[in-house]
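Observations on the model geometry
Given next are the chains, with one letter for each unit.
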Amino acid sequence: MTALYQAHDDVAIITLSNPPVNGLGLATRQAVTDALARANADASIKAIVLTGAGKAFSGGADIKEFGSPKALQEPNLLSVILAVENSAKPVVAAVNGVCMGGGLELALGCHYRIAAPGCNVALPEVKLGLIPGAGGTQRLPRALGVEAALNMIVSGEPVKSELLAMLPGQKLFDKMASSAEALQQDALSLARSVADVRPLPLVRNLPCKHPQGDAYFQFARNMVKGMAKNFPAPVKCVDAVQAATQKKFDQGMAFERELFINLMWTSESRALRHLFMAERAASKIADVPADTPNRALQSIAVIGAGTMGGGIAMNFLNAGIPVKMLEMKQEALDRGVATIRKNYESQVKKGKLKADKYEQRMSLLTTTLSYDDLTHADMVIEAVFEEMGVKEAVFKELDRVMKPGAILASNTSTLDLNKIANFTQRPQDVIGTHFFSPANIMKLLEVVRGEKTAKDVLATVMALAKKIKKTAVVSGVCDGFIGNRMIEQYGRQGGFLLDEGCTPQQVDRAVEKFGFAMGPFRMGDLAGNDIGWAIRKRRYQEKPNMKYSKTADLLCEKGRYGQKTGAGWYDYQAGKRDAIANAEVVQMIEAHRASLGIKPRKISDEEIVQRLVFALVNEGAHLLEEGIAARAGDIDLVYLTGYGFPIHRGGPMNYANEVGLFNVVQAMNRFAQNPLDDAQFWQPAPLLAKLVADGKTF
Ligand code: NAD
């Protein structure tokens, strides 16, 4: 059942009923249209109330219909809204819970609206790179006033119904119900009180003016343009709302439609919709049913109070989960706790955290030097030095003290999780939780599934990730997991580019112009160049035939580790993060290049970006093939949330789809011809080659 019909004496109540948020899918739209016709045909009915079952009026479009022809099939949303407007009997929207997107547009088509307090009201289409497409840009300014409506449409953010009701002169809500519980009764009363009023009021007939018209919209457009650099939709929101003030209603609707359809076809909107779907898909694991019971997690232990341990602990404190932190020495504990305090205090200073909340969070944190104090914890996360011997000692201790069924997690970034699991007698309880630095801020969490990790452990950690507001992506076990294994190839290309003729600035500038938050060399300086150095030293042993540029090693030999030493690829002034070019580094690169007998060539920004990004793509394709990553969308999420990949490009795999996989492979073949590059690496991954042969995308 997608809409219920109930007669309450002389008023019909139509209840949208399509869980979880009464999305306006085809069946629901049809059911509403049918119910309206039924109410109009029934002589005993004088008025109609339209409301939503459960916690929502309607969350808008049904995401299951995203991009499918069903979304446009008649009755489409525009037709349903027209049917409401044209109802001969008054229709009262009784707005409960959530009223967003198409849901709000539907309510705006009703003759009257009454809302429960506490409803979340929004037109969030801009977050998918679109504008509202069913009259939202034309009706909301008429109902709410131009400025408030434009603010809602451009930001996409929800506003509480009671705040909207307080706006002077607003006609969005004719009435507020005294409570959510009273909504239906109040709506019935309103419906009866207006049953005989004619003509029926329509939002489309309300005036729409702004006293400073042109000046206001010019100002708004400038502001929005500055903030929405890479996205066309926000400016189109301004255009559409301005049209509402200038054009007749039907012309405004046609204009909105045109803008909406044009935006549908932009790569930016495709990228945002891809991200939206990828986020939903990432929590689904093929062989772990959604109803897998979770293990109870009331308290967490963290081993190691260093850079990562402290940040990891903060996530749980923020979510109200008690944390016990263990270290080898009291000084290390004190240092770790002081860093957490400092982080919170800076949030308090900036007004981002209330002082009492800060104290509340700190009160959830306890410390210990003894493993025997961890016996009550439901889960432990290890964040000690990245050395197998140290991990072994820690996991043997954890195996000794942790209660049966406790989850044992490692934050390792490079070590073999299966090996770590086998240090214990309970490898099924061991999992990787690879946080990114700073762990209290970065959204990404790679959840590493070991060979023997139990399904309920995986399901529990995925649910925990949601609780601490992380974007969790499952990765299989391999060196570097998804993100770092790919970034190694990206970094290798960066090195070759220096050898062939680029400066670090030129590479960073090209990559930042493409939209990355930071180019590879600025990123190296931030993360610490010594980390990559340590990995390369290992690689020289493991893969002696793999080609590497030695330039980064020379840099590290000079002690230029990056921001932490005040010098890396760039210079840094104390307390500042601005990268200042350093002539000696450039000379060092030139001297090394000369020693290799390489004549520098001019390399275009396009080649720089393609070599770096397509290196990610090829390695990503290998990861998919090996089953380390389950979906191309998972890889994109990792890059969008953990590596600063430009959002408007939707991640490396989505970007490759946009460029066309055939074109990507052509470019790879060209790069393979370059004797200074790594021809073997540029062999397209078999999966990629197959997709091209089949004319498919990732
Ligand atoms: P860190 O050196 O800052 O902190 C490690 C802490 O562990 C130190 O405080 C140390 O005293 C403590 N420690 C060492 N051995 C211990 C033991 N046996 N028992 C208890 N405490 C012990 O290191 P970090 O950067 O926080 O890294 C920790 C882990 O997280 C490593 O596995 C690392 O690979 C991983 N990691 C680091 C980053 C990063 O950017 N730093 C990112 C992701 C993952």
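Note that the structure is a prediction, hence the values are computed from the model and not measured.

Quick notes on the domain arrangement of the protein chain
Parsing the protein chain into structural domains produces domain 1 (3-264), domain 2 (300-475) and domain 3 (483-694). Domain 1 and domain 2 are separated by 45 Å when their C-alpha centres are compared.

Remarks on the site of the ligand
Around the ligand sit 22 residues in total, of which Met308, Glu327, Glu386, Lys391 and Ser413 are the nearest. Contact distances for the ligand include 2.7 Å between an oxygen atom and a backbone N or O atom of Met308. Side-chain polar atom of Ser413 to an oxygen atom of the ligand: 2.7 Å apart, as the coordinates give it. Contact with the protein chains covers 79% of the free accessible surface of the ligand, which is 830 Å². For the shell around the ligand, the elements supplying multiple residues, two or more each, are helix H12 (307-318), helix H15 (388-401) and strand S15 (430-435). Looking at the shell around the ligand element by element, the count peaks at 3 residues for H15. In the shell around the ligand, the residues fall into 11 nonpolar, 8 polar and 3 charged.

Comments concerning the nonpolar core
Grouped together as the largest cluster of nonpolar side chains are 82 residues, with contacts concentrated most on Val49, Val95, Leu140 and Leu172. Here the element with the most residues in this core is helix H9 (residues 233-246); it accounts for 7 residues. Setting aside chain neighbours within four positions, we find Leu172 in contact with Leu104, Leu108, Arg113, Leu140, Ala143, Leu144 and Leu164. If you look at the next biggest cluster of nonpolar residues, it comprises 65 residues, including Phe514, Met588, Val617 and Ala629.

Observations concerning the pairing of strand S3 (residues 47-52)
With respect to burial, S3 is a largely interior element, 6 of its 6 residues being buried. Every second residue of S3 is oriented toward a common face, with Ala47, Val49 and Thr51 on one face and Ile48, Leu50 and Gly52 on the other, all of them buried. Summarising the sheet, strand S2 (residues 11-16) and S3 pair through 6 bridges and their orientation is parallel. The residue of S3 that forms the bridge with Ile14 is Leu50. On the question of chirality, the crossover connecting S2 to the parallel S3 by way of helix H1 (residues 26-41) is right-handed. The pairing of S3 with strand S4 (residues 91-95) spans 4 bridges and is classified as parallel. For Thr51, the partnering residue across the bridge sits in S4 and is Ala94. You can see the chain leave S3, run along helix H2 (residues 77-85) and come back into S4, and the turn it takes is right-handed.

Considering the pairing of S2
A regular strand places its side chains on the two faces of the sheet in alternate fashion. Extensive coverage of S2 is indicated by the burial of 6 of its 6 residues. Of the two faces of S2, the one carrying Val11, Ile13 and Thr15 and the one carrying Ala12, Ile14 and Leu16 are both buried. Judged from the 6 bridges that link them, strand S1 (residues 3-8) and S2 form a sheet pairing that is antiparallel. Paired with Ala3 across the strands is Leu16, a residue of S2. Once S1 ends, the chain turns through 2 residues before running back antiparallel as S2, passing Asp9 with a positive phi of about 50°.

Focus on the packing of aromatic side chains
What describes a pair of aromatic rings is the distance from one ring centre to the other and the angle between the planes of the rings. This structure, assessed with the given rule, holds 14 aromatic pairs. Measuring from ring centre to ring centre gives 5.1 Å for Tyr216 and Phe217, while their planes differ by 70°; the resulting arrangement is edge-to-face. In this structure, Tyr216 and Phe217 share a single accessibility class: buried. For the ring pair Phe436 and Tyr643, a centre distance of 5.6 Å and an interplane angle of 75° mean the geometry is edge-to-face.

Looking at the packing of helix H4 (residues 136-144) against helix H5 (residues 146-155)
Helix packing geometry: the angle between the two helix axes and the distance between the axes. It is at 7 Å that the axes of H4 and H5 come closest, and there the two elements cross at 140°. Here H4 lies oblique to H5, going by the angle between them. Classified by chirality, the crossing of H5 by H4 is right-handed. On the side of H4, the interface is formed by Gly136, Thr137, Leu140, Pro141 and Leu144, while H5 contributes Val146, Ala148, Ala149, Met152 and Ile153. A class-by-class count of the residues in the contact of H4 with H5 yields 8 nonpolar, 2 polar and no charged.

Calculation rules
Residues numbered from 1 in each chain as written. Predicted model: local features only at pLDDT ≥ 70, side-chain atom pairs only at ≥ 80, totals over all residues. Heavy atoms only, no water. Domains from an automatic or database assignment. Near = heavy atom within 4 Å. Polar contact = N/O pair within 3.5 Å; in protein donor to acceptor, adjacent residues only side chain to side chain. Areas by Shrake-Rupley, 256 points an atom, 1.4 Å probe, with all protein chains shown as cover. Helix = DSSP H or I, 4+ residues; strand = E, 2+ residues; numbered from the N terminus. Nonpolar A, V, L, I, M, F, W, Y, C, P; charged D, E, K, R; others polar. Core = buried A, V, L, I, M, F, W, Y, C linked by side-chain atoms within 4.5 Å. Buried < 20%, exposed > 50% of the residue type's maximum accessible area, 1.4 Å probe, protein only. Contact = heavy atoms within 4.5 Å. Pairing = 2+ DSSP bridges. Right-handed = clockwise from strand over helix to strand, strands pointing away. Phe/Tyr/Trp six-rings, centres within 6.5 Å; stacked < 30°, edge-to-face > 60°. Axes fitted to C-alpha atoms, helices over the stretch in contact; angles between N-to-C directions. Parallel < 35°, antiparallel > 145°, perpendicular 65-115°, else oblique. Left-handed = near helix turned anticlockwise from the far one by under 90°.

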